[in-house]
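Now for the letters of each chain:
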Amino acid sequence: FIFIANVMPTLMACSIFVLYGFTSPVDKDGNHVPLTTALALRTLALLNILRLPFILIPFAISSMVTGRACAQRITKYLKAPELPLPDDFSSIESNSALIPLL
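Residues numbered from 1 in each chain as written. Predicted model: local features only at pLDDT ≥ 70, side-chain atom pairs only at ≥ 80, totals over all residues. Heavy atoms only, no water.

**Topic: the overall build of the protein**
Then comes step 1: Along its length, the protein carries two helices and zero strands.
Then comes step 2: With 102 residues in all, the protein has 6% of them scored as buried. (Helix = DSSP H or I, 4+ residues; strand = E, 2+ residues; numbered from the N terminus. Buried < 20%, exposed > 50% of the residue type's maximum accessible area, 1.4 Å probe, protein only.)

What follows is the structure in C-alpha cells.
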C-alpha cells in the first residue's frame, strides 16, 4: 500500500500529460498545440496541491459510512418503545448494589 501511495502522484502526472498529448487543442491551422514548459509546471503545481485531498478522500468516505451507521443505530434506539417500570419496588433488596442518594 505504501508503494502505491508513493507512486500514484508520478503515475497521475504521467497519465495527465499522455492524455494531453492525445487530446491537445488544435490551432486554426490544424496543428496540435505543444505542451509548453509553463503549462507543464502549472499542471505539476496543481497536482502537488491536490495530492493531500486525493489521499484523504477514502478516509472521508469511510467516516461518512460509519457516521451514517451510527446515526441509524441511534435513531433505532430513540424510536424504540420504553420498557415498563415494575409496579412493586419492594422486590428490590435493601442490600443490593444501589448507590444511596445523599
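**Comments concerning a nonpolar patch on the surface**
Then comes step 1: Together, Leu46, Ile49, Leu50, Phe54, Ile57, Ile61 and Val65 make up an exposed nonpolar region whose accessible area comes to about 650 Å².
Then comes step 2: Note on placement: Ile61 falls in helix α2 (residues 37-79). (Patch = residues over 30% accessible without salt bridge, like charges linked within 9 Å, V, L, I, M, F, W, Y side chains within 5 Å. Areas by Shrake-Rupley, 256 points an atom, 1.4 Å probe, with all protein chains shown as cover. Salt bridge = Lys/Arg side-chain N within 4 Å of Asp/Glu carboxyl O.)

**A closer look at the environment of Thr23**
Then comes step 1: Of note, Thr23 is situated in helix α1 (residues 2-23).
Then comes step 2: A polar atom in the side chain of Thr23 sits 2.7 Å from the backbone oxygen of Leu19. (Polar contact = N/O pair within 3.5 Å; in protein donor to acceptor, adjacent residues only side chain to side chain.)

**Section: the side chain of Ser24**
Then comes step 1: In this fold, Ser24 is placed in the loop between α1 and α2.
Then comes step 2: Beyond its immediate stretch of four places on either side in the chain, Ser24 contacts His32 and Val33. (Contact = heavy atoms within 4.5 Å.)

**A few points about α2**
Then comes step 1: The terminal C-alpha atoms of α2, which comprises 43 residues, lie 62 Å apart, in line with the 63 Å expected from a rise of 1.5 Å per residue.
Then comes step 2: At Leu50, α2 shows its strongest bend, of approximately 40 degrees, with the proline Pro53 following within four residues. (Expected span 1.5 Å × (residues − 1). Bend = angle between axes of the 7 residues up to and from the residue.)

**Thoughts on the environment of Pro34**
Then comes step 1: One can find Pro34 in the loop between α1 and α2.
Then comes step 2: A sequence separation of 14 residues divides Pro34 from Tyr20, and the C-alpha atoms of the two residues are 9.3 Å apart.

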